[in-house]
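Breakdown of the fold
Below are the chains, spelled out letter by letter.
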Amino acid sequence: MNFNELITEFFNKAYGERLLRSRLLSVLLEYWATEKDYELKNQLLNNLTKKHADSTRKLVELNQQKNRFLGIAAHDLRNPLTSIRGLSEILLSEADGPLSKEQREYLGVIHSASSGMLTLVNNLLDISVIESGKFDLDTSIGSLKSLIEERIRIHKVLAKKKNILLVEALPDIGEQRFDSSKIAQVVDNLLSNAIKFSPRGRHIYIDLSHAGDQARVSVRDEGPGIPLEHQETIFGEFHRLKARPTGGEKSTGLGLAIAKRIVEAHGGTLQVESQVGTGATLSFTLPIEY
């Protein structure tokens, strides 16, 4: 019985005075207990909200510190690694004299290791800049077709080592506005991944198309494909596929995460289409802005 029902019964004189006082006291105590319980729950909720806000603020501060640390460490490592790689290239060119087989082997290891480490350092720098919120684009009017053709020429050297043929379908879609160095990084990542996971002697297809106000670039390989359950996670940081590179190439697990951020900063999208055993198609779109 609630308080209103008890008052009604009082006026109707359904109970004796003593019993009515007893029931009235019981209802008032129950009401007081309910109010007290509500106050305690509200106080607990406020405390939890404050703790959550404090924890979130601390996590943001720690993430900022992590980004600063990564940026400083990666920046300090890049210069010596660049020097090591550059000097090993000079020595491997035999500009200062012929090398013995053993010397060439050792220098090859040094060059390969320093190149892999430099790639990782550059990726860490990109991630730290992106997550710090200081990721700016330097856009200008240019030809996406010309940029892709240039990146293909560079990657043909790597593809040739695995007897992989790069097949181009790049119609002229006019000029558009984009950050050429950043989009070159995206195209490089898609091409290097396709080469990395393609078996020897296969084909890689690079297409450029124009649909409405969007330019679309796609890279399709004939590799092992990507399982459906992994297609949502391949753009995450440090994500690595179960499939292994077919030529022993290295992977940092950061390339696609960075590529996705770059494309989205341009207002575009990066997506994957794949079935296991039939290869994968990675493609991105860019709004056409003149």
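Conventions adopted
Residues numbered from 1 in each chain as written. Predicted model: local features only at pLDDT ≥ 70, side-chain atom pairs only at ≥ 80, totals over all residues. Heavy atoms only, no water. Buried < 20%, exposed > 50% of the residue type's maximum accessible area, 1.4 Å probe, protein only. Helix = DSSP H or I, 4+ residues; strand = E, 2+ residues; numbered from the N terminus. Contact = heavy atoms within 4.5 Å. Axes fitted to C-alpha atoms, helices over the stretch in contact; angles between N-to-C directions. Left-handed = near helix turned anticlockwise from the far one by under 90°. Nonpolar A, V, L, I, M, F, W, Y, C, P; charged D, E, K, R; others polar. Core = buried A, V, L, I, M, F, W, Y, C linked by side-chain atoms within 4.5 Å. Pairing = 2+ DSSP bridges.

A word on helix H6 (residues 255–265). Considered for burial, the residues of H6 that qualify are Gly255, Leu256, Ala257, Ile258, Ala259, Ile262 and Val263. Elements that come into contact with the buried residues of H6 comprise helix H3 (101–131), helix H5 (180–197), strand E6 (269–274) and strand E7 (280–287).

Turning our eyes to something else, we now look at the packing of helix H4 (residues 144–161) against H5. Packing of H4 against H5 brings their axes to within 10 Å, and their N-to-C directions diverge by 35°. Note on packing geometry: the crossing formed by H4 with H5 is right-handed. Contacts between H4 and H5 involve Leu144, Leu147, Ile148, Arg151, Ile152, His155, Leu158 and Ala159 from the first element and Ser180, Ile183, Ala184, Val187, Asp188, Leu191, Ser192 and Ile195 from the second. The residue inventory of the contact of H4 with H5, partitioned by class, reads 11 nonpolar, 3 polar and 2 charged.

Within the largest apolar cluster, 48 residues are counted, with the highest numbers of intra-cluster contacts made by Leu144, Ile148, Ile183, Ile204, Ile206 and Phe284. Looking at this core, the element that brings in the most residues is H5, giving 8 residues. Ignoring sequence-local partners within four residues, the contact set of isoleucine 183 consists of Leu144, Leu147, Phe178, Ile262, His266, Phe284 and Leu286.

Attention shifts here to the environment of leucine 170. Among the structural elements, leucine 170 can be located in the loop between strand E2 (165–169) and strand E3 (175–178). For leucine 170, a relative accessible area of 12% gives the class buried. Expressed as a C-alpha distance, the spacing of leucine 170 and aspartate 207, which sit 37 residues apart in the sequence, is 5.8 Å. If we ignore the near neighbours within four places in the chain, the residues touching leucine 170 are Lys145, Ile148, Glu149, Ile152, Ile206, Asp207 and Leu208.

Bringing the sheet that holds strand E4 (residues 203–211) into the picture now. The strand order E2-E4-E5-E7-E6 describes an open sheet built from 5 strands, whose pairing is mixed. Sheet topology places E2 and E6 at the edges, where each strand pairs with a single neighbour. On average, each strand axis in the sheet is tilted by 15° relative to the strand beside it, whichever way the strands run. In this sheet, E7 lies alongside strand E5 (residues 214–220) in antiparallel orientation, the contact comprising 7 bridges. Within E7, the position partnered with serine 218 by the bridge is serine 283. Set on the sheet, H4 makes contact with E2, E4, E5 and E7; between it and E2 the angle comes to about 170°. Against the sheet, H6 touches E6 and E7, its axis set at about 130° to E6.

Nothing here speaks to function; it is geometry throughout.
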